[in-house]
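# Architecture and fold: a report
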Amino acid sequence: MELAQVPLFRDLAPEDLEALERAAQRRLLGKGEVLFLEGEPVRALFVVQRGLIKVYKLDPEGRKQVVLHVEGPGRVLAEVALFLERPTYPASAEALEESEVLALPKERFFQLLEERPQLARSLIRYLARRQERLLHLLDRLVFHEVRERLCEFLLERLAEEGQGFRLPTNPELAALLGTVPEAVSRNLGELYRRGLIRLAGRRVEVPDPGALEGLIKR
């Protein structure tokens, strides 16, 4: 994926994109490989090129995972952690499948922010959109039923990745939707039986996005 297609960098001038590409370091991850661990010093901003990256926290005993979000191509990781007073990763990240990321070293990224005001403005807009997304998620968790939250998630993934997007496991999806795996399985099965989604393993197609949209109360 070209950096020009990444929402954070979409409005940048060609010379700014070239500067970022020169600073970036490509990293390949195998399935289950850790990108960073909670508590490690923040050394880079990451851009997902392909695959899926799961961001999660562990319970106090270090056994149970709570999935915070799953990011695919074009999404950015650790953009907020860069600016923390104590810049350590607040969560861990690992690849759900074979993945590729671009790492933008922290100090070089800060230097580019100072040198190129357009990049700073793009980052502020991106963080504002991220905040809006989090508020929407909170509203969805409080007021929407599991089926509606699931439909919204599927439509978001469809818009971002296109037909045949990969679905997280039911426990991971349950954590993202604020419910339990059984409820996810039941609602996915209902959507499948009604022909609203097609499943091939964990790959999903939505034959009629409008029909899925119609299940969401406004």
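Residues numbered from 1 in each chain as written. Predicted model: local features only at pLDDT ≥ 70, side-chain atom pairs only at ≥ 80, totals over all residues. Heavy atoms only, no water.

As recorded in an unreviewed UniProt entry, the chain goes by Transcriptional regulator, Crp/Fnr family and comes from Thermus thermophilus.

Once that is clear, we can look at the sheet that holds strand S6 (residues 76–77). Across the sheet, which stays open at both edges, the four strands sit in the order S1-S8-S3-S6 with antiparallel pairing between neighbours. For this open sheet the edge positions go to strand S1 (25–29) and S6, each flanked by a neighbour on one side alone. Relative to strand S8 (residues 99–105), strand S3 (residues 44–50) runs antiparallel, the two sharing six bridges. Within the sheet, the bridge partner assigned to alanine 44 lies in S8 and is proline 105. (Pairing = 2+ DSSP bridges. Helix = DSSP H or I, 4+ residues; strand = E, 2+ residues; numbered from the N terminus.)

Attention now goes to the pattern of salt bridges. For the structure on display, the rule yields 17 salt bridges. For the salt bridge of glutamate 115 with arginine 108, the shortest nitrogen-to-oxygen distance reads 4.0 Å. Judged by its relative accessible area of 45%, glutamate 115 is partly exposed. Judged by relative accessible area, which is 27%, arginine 108 ranks as partly exposed. Of the charged contacts in the structure, one is a salt bridge between arginine 194 and glutamate 190, with a shortest N-O distance of 3.4 Å. One salt-bridge network, in which partners are shared between bridges, spans Glu71, Arg75, Arg157, Glu160 and Glu161. (Salt bridge = Lys/Arg side-chain N within 4 Å of Asp/Glu carboxyl O. Buried < 20%, exposed > 50% of the residue type's maximum accessible area, 1.4 Å probe, protein only.)

A few words on the packing of helix H4 (residues 146–161) against helix H6 (residues 181–193). The packing of two helices is summarised by the inter-axis angle and the distance between the axes. At a minimum axis distance of 10 Å, the contact between H4 and H6 shows a crossing angle of 70°. The orientation of H4 relative to H6 falls into the category roughly perpendicular. Between H4 and H6 lies a crossing of right-handed hand. Touching Val146, Arg147, Leu150, Cys151 and Leu154 of H4 are Ala183, Asn187, Leu188, Glu190 and Leu191, all from H6. Considered class by class, the residues forming the contact of H4 with H6 number seven nonpolar, one polar and two charged. (Axes fitted to C-alpha atoms, helices over the stretch in contact; angles between N-to-C directions. Parallel < 35°, antiparallel > 145°, perpendicular 65-115°, else oblique. Left-handed = near helix turned anticlockwise from the far one by under 90°. Contact = heavy atoms within 4.5 Å. Nonpolar A, V, L, I, M, F, W, Y, C, P; charged D, E, K, R; others polar.)

Next up on the list: the nonpolar core. By size, the foremost hydrophobic cluster in this structure holds 39 residues, and its most contacted members are Phe9, Leu20, Leu35, Phe46, Ile53 and Phe109. Val70, Leu96, Leu155 and Ile197 belong to the second largest nonpolar core, which has 26 residues in total. (Core = buried A, V, L, I, M, F, W, Y, C linked by side-chain atoms within 4.5 Å.)

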